[in-house]
Amino acid sequence: NNAPTLDWLQTRLELDTAQLGRMVVKLPALVGKRPESMEENCDWLRRRLGLDATQTRRLVAGFPPLLYLSVDENLKPTLDWLQKRLDLDDGGLRKMVLTHPPLLGLSVEANMAPKLAYLEQELNMTRAALRDHVLRIPAILAYSL
């Protein structure tokens with residue numbers, strides 16, 4: 001019975017039927033996920049990034065796999081690394097993640113760290129210039145080199 005999961009998604013994220021349908025099409029496995037587990041991820045992201053209900057909905061609807069990622073093994077280390085590596089304040093981190101939610105699904109070691117190193121070295125960017133560039137175009141971390 002998938003009704004509790006679908007009801008939770010629709011109620012918790014304040015989704016209309018069309019929005020719920022788009023989320024399930026993006027990630028059909030959502031219907032088998034436990035609402036308690038998804039609630040933990042939503043609450044943690046809301047607290048860590050200082051999100052309101054609308055921002056939480058936008059973040060999760062933009063990248064439903066956030067409901068599957070482990071807080072301790074994926075979300076927390078990735079957010080902490082991005083914040084430290086780019087010298088971001090909480091507002092900058094929030095803006096970056098809300099602009100491009102799939103960042104949270106990227107590997108630090110295999111994807112983001114090499115790209116940032118490349119941008120710094122090959123384009124001779126200072127740390128501040130790199131931060132400003134990534135804040136303007138967060139999706140650059142998902143591009144191929």
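Structure first, text after, so check above.
To start, this report covers the structure provided alongside it. Predicted model only: the values in this text are computed from it and were never measured. (Residues numbered from 1 in each chain as written. Predicted model: local features only at pLDDT ≥ 70, side-chain atom pairs only at ≥ 80, totals over all residues. Heavy atoms only, no water.)

## Digging into the overall build of the chain
Put simply, the test is: Here a helix means four or more residues in a row that DSSP labels H or I, a strand means two or more in a row labelled E, and each is numbered from the N terminus. Note that the radius of gyration is over C-alpha atoms, with the globule rule given as 2.2 Å times the number of residues to the power 0.38. Accessible area is worked out with a 1.4 Å probe on protein chains only. A residue is then buried under 20% of its type maximum, exposed over 50%, and partly exposed in between. Residue contacts are defined here by distance: any two heavy atoms, one from each residue, within 4.5 Å place the two residues in contact. Only the protein chains shown count as cover for residues, with accessible areas throughout obtained via the Shrake-Rupley method and a probe of 1.4 Å.
The number of helices and strands found in the chain is 8 helices and 0 strands. Along the chain, from the amino end to the carboxyl end, the secondary structure elements read α-α-α-α-α-α-α-α. Its C-alpha radius of gyration of 16 Å places the chain within 12% of the 15 Å reference for a compact globule of 145 residues. For the C-alpha atoms alone, the extent of the chain along its principal axes is close to 55 × 25 × 25 Å. Counting over 145 residues, the chain shows a buried share of 44%. Residue pairs at least 24 apart in sequence account for 70% of intrachain contacts in the chain once pairs closer than 6 positions are excluded. Per element, the accessible surface of the chain, about 7,600 Å² overall, is 51% carbon and sulfur.

## Description of helix α6 (residues 90-99)
The test is simple: Polar contact is the term for a pair of N or O atoms within 3.5 Å; when the atoms are in protein, one must be able to donate a hydrogen and the other to accept it, and sequence-neighboring residues count only if both atoms are side-chain atoms.
Three or more residues of α6 are buried, namely Gly92, Leu93, Met96, Val97 and Leu98. For α6, the N-terminal cap is aspartate 89; the gap from its side-chain oxygen to the backbone nitrogen of glycine 91 is 3.2 Å.

## A few points about the side chain of asparagine 41
Here asparagine 41 lies in helix α3 (residues 35-49). Among the polar contacts made by the side chain of asparagine 41, one reaches the main-chain carbonyl oxygen of leucine 69 at a distance of 2.8 Å. Beyond its immediate stretch of four places on either side in the chain, asparagine 41 contacts Leu66, Leu67, Tyr68, Leu69, Val71 and Leu75.

## Here we look at the pattern of salt bridges
Side chains that carry opposite charge are capable of pairing whenever their charged atoms lie near each other. Worth spelling out the cut-off: Throughout this description, the term salt bridge denotes a Lys or Arg side-chain nitrogen within 4 Å of a carboxyl oxygen of Asp or Glu.
Per the stated rule, a full pass over the model turns up 10 salt bridges. In this structure, aspartate 43 and arginine 46 form a salt bridge, with 3.8 Å as the shortest nitrogen-oxygen distance. Taken together, the residues aspartate 43 and arginine 46, both in helix α3 and 3 residues apart, mark about one turn of the helix. As a salt-bridge pair, glutamate 120 and arginine 85 come within 2.7 Å of each other at their nearest N and O atoms. With glutamate 120 in helix α7 (residues 108-122) and arginine 85 in helix α5 (residues 71-85), this pair connects stretches of sequence that are 35 residues apart. You can call glutamate 120 partly exposed: its relative accessible area is 22%. By relative accessible area, which is 15% here, arginine 85 ends up buried. Several salt bridges converge on common partners, so that one network encompasses Arg12, Glu39, Asp43 and Arg46.

## Remarks on the packing of aromatic side chains
By convention here, two paired aromatic rings are described through the distance between centres and the angle between planes. Formally: A pair of Phe, Tyr and Trp rings is counted when the ring centres sit within 6.5 Å of each other, with Trp represented by its six-membered ring. The angle between the planes then sorts it: under 30 degrees is stacked, over 60 is edge-to-face, the rest tilted. Whether a charge sits over a ring comes down to the Lys NZ or Arg CZ being within 6 Å of the ring centre and within 35 degrees of the ring normal.
Throughout the structure, instances matching the rule amount to 0 aromatic pairs. Over the ring of tyrosine 68 we find lysine 33; its NZ or CZ atom is 4.6 Å from the centre of that ring.

## Regarding the nonpolar core
What counts here: For this analysis, a nonpolar core means a set of buried residues of the types Ala, Val, Leu, Ile, Met, Phe, Trp, Tyr and Cys, connected via side-chain atoms within 4.5 Å.
In this structure, Leu45, Met96 and Leu141 are the most contacted members of the largest nonpolar core, which totals 31 residues. Among the elements of the structure, α3, α5, α6, α7 and α8 (127-136) are those that each provide at least two residues to this core. Once residues within four sequence positions are removed from consideration, leucine 45 is found in contact with Gly50, Leu51, Leu59, Leu66, Leu75, Leu79 and Leu104. Counting residues in each nonpolar core, the second largest holds 12 residues, with Leu20, Leu27, Met38 and Val60 among its members.

## Remarks on the environment of arginine 57
Summarising the element assignment, arginine 57 is placed in helix α4 (residues 53-62). Separated by 43 residues in sequence, arginine 57 and glutamate 14 place their C-alpha atoms 7.3 Å apart. Sequence-distant contacts of arginine 57, that is, excluding residues within four places in its chain, are made with Leu13, Glu14 and Leu15.

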